[in-house]
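Now for the letters of each chain:
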Amino acid sequence: MGNVVVWVIWLVAAAACLFTGVRVVIATSPFSSALSLIGNLASLATLYLLASGEFIAAAQILVYAGAVMVMFLFVIAYLGGRADAPWAGGTKLIQAASVVTASALMAVTLVAVMLDAGGRLSDESDVDRAFGSPAEMGRLFLTDHLLAFEITSIVLLVAAVGGVVLGMRSQAEALADAEEAAQP
Amino acid sequence: MIFGSWVCLLAPLVGFLAILLAGTRITRRQAGILSTTSVFVGFAGALVAFFDAWGREPEERGELTTAWTWLKAGELEVGLELLIDPLSLVMMLVVTGIGGLIVLYSNGYMAGDDEERRYFAYMAFFVFSMLLLVMGGNLLLLLVGWGLVGLASYLLIGFHHERASAVAAAKKAFVINALGDALLALAFFLAIAKVGSLDFGVVFEAAESGELSDTVATLVALGLLGGAVAKSAQIPFHTWLPDAMEGPTPVSALIHAATMVTAGVYLICRTHPVFEAAPEVQHLAAILGLITLLVAGVVALVQWDIKRVIAYSTMSQIGYMFVGAGVGAYGFAMFHLVTHAFFKALLFLAAGLVIHHLSGEQDIRKMGGLRSSMRFTHLTFLVGTLALVGIPPLSGFWSKDAILASTLAEGGVLGWVLYVGGLVGALLTGLYSLRLYLLVFHGEPAAQAEAPHAEHAHHGEGPRSMTIPVAVLAVGSAVAGLLGIPGVWHPFEDWLHDVAEPLVEPSTRQEWLTSGLAVTLGVLGALLAWRAFKAGRELVPDGAVRTTLEHKLWFDELYDTVFSRPGQAIAVTLRDRFETPVVQGGLDEVAEGTLRGAAATSAAQSGLLRTYALAITISVAVLALVFLVVR
Amino acid sequence: MMGPGIPWYLAISAMLFSIGVAGVLLRRSPLIVLLSLELMLNAANLAFVGFSRLFGEMDGQVFALSVMAVAAAEVCVGLGLIVAMARRNLALDVDAFTELRG
């Protein structure tokens, strides 16, 4: 009984994931794409939960959906109408090639997965309650993967600085502003 | 003796390097003083060595001193060694002594020239090279000196490089000398192959003991002779010497009269065992000398340039030396070398005084009557001329006649031919020398010569730096011959006896007989020239003969047609057929191919990010497929 | 484990990834391209988490967290670029920037 419920939840979440994913790529307005991505993130979080990744699921919602997507929505709001652009780019040939390549990539990966589906990939290990918990995650970050932890923090710092720099008003703009302010 | 010799060799080198490195930090005068001093220090060293050797027993006068092993290749070992023996001492004294006087003279002659420092550096370099040549203790060092004097000659002939004629003359001299060097080198290769060494002792022993087969000895001797003929401007490699008069007069005096051109004679005397092992080649040397002697003598009769007359005279006198060496009279050949150095240098330097006085005029048709305006020069020039003709008791008399007497002593067909030819040469010498003297110093002054150079109005015929060497050389020309009075004493010949034993020894009777004939013929030639001069006509009347002589027997034209033009044609053909299309074209094609390849590749850089991303994705897909398949 | 096995997660991940690739290659607005990029990153995260569950080691989840952090940083800079472009009144069109050509 419990298994069936899990299966149903899983299927629904997977379907939602794929559907919103396609919508992100296809939608004309960036706003729709962003909202679809939020939906995608939510369904992914569900999938993480089903795979015993509780902390990851929570982090997904908090960080991704809560911070990154909000950033996206801010920018889309700022850009307003300027964000609309023609749908697809490149020559017809390149468009066709892109679709073909993406499909090929998917086909190859799926085949690879299916070939191992019965063998190694079905040999799941048993996990205890601590698996996926924040305590365990923290322990790993501070012992085995300390370097990754530290470097990631540096990357975030660099990104923050970069964001500020990119957002600064240029000299020309500052001058223009000063002129405007000087004119009555 | 060793110490003195090293000082002698290295002093001019030090002088050269000092002037070279000091560059413009020293004045031109200082460069001249430096150069002169270095050569005279060399002379002092040579004197020290000479007196040391004089005090020894004749057997002990030769010494070989090695600085270090220079070259070692398999079994061949060549050391940086000097051979100091009576023969080299004679040359050392001549080179540094007369060289020093000429460099001193140059201080006055070249004053005011823009590039004096370069000149004096080259002069010191030349003296060093010549000393290396004569002091070299093995054939390789001799060759090094040989090549270096060729280089010095090139540099000094082309000293006035702004003159195209000077540059051409320098190239001509160098090319012909290079031919001689090549022949010399071939001889050395053969020597190395057959004997295994280039040391004098080893090679000469092999030649004397008969170890070398006849063919080998002949070939080696031919190579040596070829080099000697080119360096000493004997026929057929003589065409460069008259052109070499483009260089400054002191250069002509030093290099093309006193020292470098006599290197060929020195070579034959030094390597005489090889020549003695190949007597045909030795006789060939004598014959070439005879031909040169006569040809140069007649060509000198029609020359109008004062320096060219003296140049042809040099060629002729060296012909005498070759005759002497060719019959085995090494001592007399060297004797004539020494006396000739004195009076030929004297003639050149005195001519230089005349040229200087007339502000660069060298055509004797524009000279004349300088007897009264240049008394000192006139006197010294006369001494030189009489020495050249061979009037007793001046030096030329003793040395030239000794050679002629040796040919008489040689006997046989060769000896008689040489003897008669030599006597005819004496007649010719009288003719051209007196013609020159009379045209320059006697008669009416030519219109242009009326006004001598204003600068010289206050210091007479020339500065003391120029007149003193001329005076010294005049004295030398007068008395140097007294080192060999037949039947009375012959210290010079004895000095060289152990080093180069003569093959023939003329008796006293032969010597005095020859002298009588030679002097008579010389005086006869002088009288004929006097008569022609008085009558105002040339010795050689206009006509086919004169034209041939004026074209120097068409040698230049012959060499041009046979060697120069085909050579240029071949070079042009090679350039057009091979180098431009194949070599240059090949490189061009490579460059063009690279450019085309680059252009084609750069078409892939469209700038569109989309295409880049697509390319990356395609590669990923392919890689995934590969991994899947290979698994 | 209850529910579908790991291969199913990986299949979803593969499909999501290729959808993201198609989006990056096809769309012209840089904003949508960035969103598609996020899609790809999330697909990778899913694969990480799936494998982590398979092996019972939490290293995969640790890495997934790092990916999230880096994705956040990248989005920050990317959006900053887009805003800067908009501020300078440049067309928000990926095909318009062709100066990196050979």
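Residues numbered from 1 in each chain as written. Chains lettered and ligands numbered in written order. Predicted model: local features only at pLDDT ≥ 70, side-chain atom pairs only at ≥ 80, totals over all residues. Heavy atoms only, no water.

*Asks:* Give a description of the overall build of chain B that names residues and reports values.
*Replies:* A count of helical and extended segments in chain B gives 25 helices and 2 strands. Within the span of chain B, comprising 631 residues, buried residues form 55% of the whole. Contacts in chain B between residues far apart in sequence, at least 24 positions, make up 81% of those at least 6 positions apart. Put simply, chain B shows about 25300 Å² of open surface, and 67% of that area lies on carbon and sulfur atoms. (Helix = DSSP H or I, 4+ residues; strand = E, 2+ residues; numbered from the N terminus. Buried < 20%, exposed > 50% of the residue type's maximum accessible area, 1.4 Å probe, protein only. Contact = heavy atoms within 4.5 Å. Areas by Shrake-Rupley, 256 points an atom, 1.4 Å probe, with all protein chains shown as cover.)

*Asks:* Run through the pairing of strand E1 (residues 63-73) of chain B, naming residues and quoting values.
*Replies:* Residues and elements named next belong to chain B. In this structure, E1 lies alongside strand E2 (residues 76-84), joined through 8 bridges in antiparallel fashion. Following the sheet pairing, Leu64 is matched in E2 by Leu83. Counted along the chain from E1 to the antiparallel partner E2, the turn is 2 residues long, and its residue Gly74 has a positive phi close to 65°. (Pairing = 2+ DSSP bridges.)

*Asks:* A description of a nonpolar patch on the surface should follow, citing residues and the corresponding values.
*Replies:* All names here are of chain B. A grouping of Ile618, Val622, Leu623, Leu625, Val626, Phe627, Val629 and Val630 is seen on the molecular surface, where their side chains present a nonpolar patch of about 770 Å² in accessible area. Here Val622 lies in helix H25 (residues 609-630). Residue Val622 is classed as partly exposed on the basis of its relative accessible area of 47%. (Patch = residues over 30% accessible without salt bridge, like charges linked within 9 Å, V, L, I, M, F, W, Y side chains within 5 Å. Salt bridge = Lys/Arg side-chain N within 4 Å of Asp/Glu carboxyl O.)

*Asks:* Tell me what's going on with the interface of chain A and chain C, and back it up with residues and numbers.
*Replies:* Listed per partner, the contact involves 85 residues of chain A and 72 residues of chain C. Inspection of the region where chain A meets chain C yields 0 salt bridges. Its residues assigned to classes, the side of chain A that touches chain C comprises 56 nonpolar, 22 polar and 7 charged. (Nonpolar A, V, L, I, M, F, W, Y, C, P; charged D, E, K, R; others polar.)

*Asks:* Tell me about unusual backbone geometry, residues and numbers included.
*Replies:* Residues and elements named next belong to chain B. Here Ile235 and Pro236 are connected by a cis peptide whose omega angle stands at 5°. Structurally, the position occupied by Pro236 is in the loop between helix H8 (214-231) and helix H9 (240-243). Across the junction of Pro392 and Pro393, the peptide omega takes the value -5°, indicating a cis bond. Here Pro393 shows up in the loop between helix H17 (375-389) and helix H18 (395-410). Even without glycine at this site, Trp554 takes up a positive phi of about 60°. Along the polypeptide, Trp554 turns up in the loop between helix H23 (544-550) and helix H24 (555-602).

*Asks:* Summarise the interface of chain A and chain B; cite the residues concerned and give the values.
*Replies:* The partner chain B presents 11 residues to the 12 residues of chain A that form the contact. Note on chain A versus chain B: buried area summed over both sides is about 950 Å², and carbon and sulfur give 83% of it. Where chain A touches chain B, the interface holds 0 salt bridges. Partitioned by chemical class, the residues of the side of chain A that touches chain B number 7 nonpolar, 4 polar and 1 charged. (Buried area = accessible area lost by both parts, 1.4 Å probe.)

*Asks:* Account for the pattern of salt bridges, naming residues and giving values.
*Replies:* Should their charged atoms come close, side chains of opposite charge can pair. Summed over all chains, the structure comprises 17 salt bridges over all chains. Its salt-bridge partner being B:Arg575, residue B:Asp576 comes within 3.4 Å of it at the nearest N-O pair. Taking the relative accessible area as the measure of exposure, B:Arg575 reaches 43% and is therefore partly exposed. Two residues, C:Asp93 and C:Arg28, come together in a salt bridge whose shortest N-O distance is 3.0 Å. In this pair, C:Asp93 is assigned in the segment after helix H3 (59-87) and C:Arg28 in the loop between helix H1 (6-26) and helix H2 (30-55), connecting sequence segments 65 residues apart. Overlapping salt bridges bring together B:Arg610, C:Arg28, C:Asp93 and C:Asp95 as one network.

*Asks:* With reference to specific residues and values, describe the packing of helix H2 (residues 28-54) of chain B against helix H4 (residues 116-135) of chain B.
*Replies:* Residues and elements named next belong to chain B. Viewed as axis vectors pointing N to C, H2 and H4 meet at an angle of 10°, and their least axial separation amounts to 8 Å. Here H2 is positioned roughly parallel relative to H4, judged by the angle of their axes. Across the interface between the two elements, Arg28, Ala31, Gly32, Ser35, Ser38 and Val39 from H2 touch Glu116, Arg117, Phe120, Met123, Ala124 and Val127 from H4. Of the residues assigned to the contact of H2 with H4, the class counts are 6 nonpolar, 3 polar and 3 charged. (Axes fitted to C-alpha atoms, helices over the stretch in contact; angles between N-to-C directions. Parallel < 35°, antiparallel > 145°, perpendicular 65-115°, else oblique.)

*Asks:* Explain the environment of A:Leu156 to me, and be specific about the residues and the numbers.
*Replies:* Relative to the helices and strands, A:Leu156 resides in helix H6 (residues 146-167). Judged by relative accessible area, which is 38%, A:Leu156 ranks as partly exposed.

*Asks:* Residue-level account of the packing of aromatic side chains, with values.
*Replies:* Applying the stated criterion across every chain, the model contains 24 aromatic pairs over all chains. Ring geometry for B:Phe51 and B:Trp54: centres 6.0 Å apart, planes at 40°, overall tilted. Taken as a pair, B:Phe51 and B:Trp54 lie in helix H2 at a separation of 3 residues, close to a single helical turn. Judged by relative accessible area, B:Trp54 falls into the exposed class, the value being 52%. One aromatic cluster in this structure is built from A:Trp7, A:Trp10, C:Trp8 and C:Tyr9. Sitting over the ring of B:Trp304, B:Arg435 keeps its end group 5.0 Å from the ring centre. (Phe/Tyr/Trp six-rings, centres within 6.5 Å; stacked < 30°, edge-to-face > 60°. Lys NZ or Arg CZ within 6 Å of the ring centre and 35° of its normal.)

*Asks:* How would you sum up helix H1 (residues 2-22) of chain B? Please name residues and give values.
*Replies:* All names here are of chain B. Relative to the 30 Å expected for 21 residues at 1.5 Å per residue, H1 spans 30 Å between its end C-alpha atoms, a close match to the ideal helical length. Within H1, burial applies to Gly4, Ser5, Cys8, Leu9, Ala11, Pro12, Gly15, Phe16, Ile19 and Ala22. Against H2, E2, helix H3 (86-109) and H4 lie the buried residues of H1. Remark: Gly23 follows H1 within two positions and exhibits a positive phi of approximately 60°. (Expected span 1.5 Å × (residues − 1).)

*Asks:* I'd like a rundown of the confidence of the model for chain C, residues and numbers included.
*Replies:* With 97% of its residues at a pLDDT of 70 or more, chain C shows a mean pLDDT of 90. For this predicted complex, the interface confidence reaches an ipTM of 0.91, while the overall pTM sits at 0.69. (pLDDT = per-residue confidence, 0-100.)

*Asks:* Can you explain a negative patch on the surface? Please cite residues and give values.
*Replies:* On the surface, B:Glu57, B:Glu59, B:Glu60, B:Asp498, B:Glu501 and B:Glu505 cluster together into a negatively charged patch. By secondary structure assignment, the location of B:Glu57 is in the loop between H2 and E1. (Lys, Arg positive; Asp, Glu negative; His and termini not counted. Charge placed at Lys NZ, Arg CZ, Asp CG, Glu CD.)

*Asks:* A description of helix H11 (residues 263-270) of chain B should follow, citing residues and the corresponding values.
*Replies:* Taken across its 8 residues, H11(B) has 8 buried, putting it largely inside the fold. Every buried residue of H11(B) is accounted for by B:Ala263, B:Gly264, B:Val265, B:Tyr266, B:Leu267, B:Ile268, B:Cys269 and B:Arg270.

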